[in-house]
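Chain by chain, the residues run as shown.
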Amino acid sequence: MTNNYIGTWKLETSENFDEYMKALDVGFMMRKVGSLAKPNVIFTVDGDTWSLKTETHFTSSETLFKLGEEFEETTIDGRKVMTTVVLEDGKLIQKQTGSIPSTITRELVDENTLLCTCEAKDVTCKRTYKRVVG
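The shown structure was predicted, so the numbers you read here are calculated from the model rather than taken from an experiment. Counting of residues starts from 1 at the beginning of each chain's written sequence and follows it residue by residue. Residues qualify for local features only when their pLDDT is at least 70, as the model is predicted, and side-chain atom pairs are given and counted only at 80 or more; totals for whole chains, interfaces and linings, by contrast, use all residues. Remark: hydrogens and water are excluded; side-chain values derive from all non-hydrogen atoms of the structure.

Novice: Tell me about the packing of aromatic side chains, and name the residues and values.
Specialist: Classification of ring pairs rests on two measures: the distance between centres of Phe, Tyr or Trp rings, Trp counted by its six-membered ring, which must be within 6.5 Å, and the angle between planes, read as stacked under 30 degrees, edge-to-face over 60 and tilted in between. Taken as a whole and assessed by the stated rule, the structure comprises five aromatic pairs. Look at Trp50 and Phe65: their rings are 5.9 Å apart centre to centre, the planes differ by 15°, and that puts the pair in the stacked class. Here Phe65 lies in strand 4 (residues 60-65) and Trp50 lies in strand 3 (residues 49-55), a separation of 15 residues in the sequence. For every residue, the accessible area (1.4 Å probe, protein chains only) is compared with the maximum for its type, and the residue is labelled buried under 20%, exposed over 50%, or partly exposed between those bounds. Judged by relative accessible area, Trp50 falls into the buried class, the value being 3%. An aromatic cluster is defined as three or more aromatic residues linked by ring pairs; in this entry it consists of Tyr5, Phe43, Trp50, Phe65 and Phe71. Charge-over-ring contacts are defined here by two conditions on Lys NZ or Arg CZ: a distance within 6 Å of the ring centre and an angle within 35 degrees of the ring normal. Taking the ring centre of Phe17 as reference, the NZ or CZ of Arg127 above it sits at 3.8 Å. By the criteria applied, helices consist of DSSP H or I runs no shorter than four residues and strands consist of E runs no shorter than two, each listed in order from the N terminus.

Novice: Residue-level account of the pattern of salt bridges, with values.
Specialist: Note on definitions: salt bridges are taken to be side-chain nitrogens of Lys or Arg within 4 Å of carboxyl oxygens of Asp or Glu. For the structure on display, the rule yields five salt bridges. The closest approach of N and O atoms between Lys22 and Asp18, which form a salt bridge, is 3.8 Å. Pair noted here: Lys22 and Asp18 are both in helix 1 (residues 17-23), with a separation of four residues, about one helical turn. Residue Lys22 is classed as partly exposed on the basis of its relative accessible area of 38%. Between Arg31 and Asp18 there is a salt bridge whose closest N-O contact spans 3.1 Å. Taken together, the residues Arg31 in helix 2 (residues 28-36) and Asp18 in helix 1 connect sequence positions 13 residues apart. The exposure class assigned to Arg31 is buried, which follows from its relative accessible area of 12%.

Novice: I'd like a rundown of the sheet that holds strand 9 (residues 113-120), residues and numbers included.
Specialist: Whenever strands of a sheet pair, they do so through backbone hydrogen bonds, lying parallel or antiparallel. A pair of strands is considered paired only if DSSP assigns at least 2 bridges between the two. Spatial ordering of the open sheet is given by 4-3-2-1-10-9-8-7-6-5, a layout of 10 strands whose pairing is antiparallel. What marks the edges here is a single partner per strand, and that holds for strand 4 and strand 5 (71-74). Averaged over neighbouring strand pairs, the angle between their axes works out to 25° when direction is ignored. Sheet topology places strand 1 (residues 7-15) next to strand 2 (residues 40-46); four bridges connect them, and they run antiparallel. The residue of strand 2 that forms the bridge with Thr8 is Ile42. Only the stretch in contact is used when fitting a helix axis, every axis being a line fitted to C-alpha atoms; angles between N-to-C directions are given from 0 to 180 degrees.

Novice: Lay out a nonpolar patch on the surface with the relevant residues and their values.
Specialist: On the surface, a cluster of nonpolar side chains totalling about 300 Å² of accessible area is made up of Val33, Leu36 and Phe58. With respect to the element layout, Val33 can be found in helix 2. Patch definition: residues with relative accessible area over 30% and no salt bridge; like charges joined within 9 Å; nonpolar side chains (Val, Leu, Ile, Met, Phe, Trp, Tyr) joined within 5 Å. Surface accessibility in these figures is a Shrake-Rupley result with a 1.4 Å probe; residues are shielded only by whichever protein chains are displayed.

Novice: Now, about the pairing of strand 5: what can you tell me, with residues and values included?
Specialist: Burial along strand 5 is one-sided: Phe71 and Glu73 are buried, and none of Glu72 and Thr74, which face the opposite way, are. Here strand 5 pairs with strand 6 (residues 80-88) via four bridges, running antiparallel. Across the sheet, Glu73 pairs through a bridge with Val81, a residue of strand 6. Connecting the antiparallel pair strand 5 and strand 6 is a turn made up of five residues, with Gly78 showing a positive phi of about 95°.

Remember that the coordinates give geometry; whether it matters functionally is a separate question.
In structure tokens:
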């Protein structure tokens, strides 16, 4: 199941992302940049270490993690959080704890579609990615 996530995914649709960023207290300018970005997300696995790269025209970030192990993360918008990622029922669930907790759930709808559901406070955002082939 983990191998199905490996590859490059391009953002296709985004619903409620600005409201999600507001719930996380992301500033106005960073929200505007975030709303304009159409990121590629790249998953790789080396042994038991995962890499999650997010690339946009504005910035890039890489997060390295092992499933089930808590780590300190600086999010792409600059927040410092403690994060744990687990694989549950085929879904990659990323729990961020800090001043405002957030959960990001990634699940494969089919072999070429990745649904990312982001939750903070009472706000839910859905972002759909398509696999980049070739």
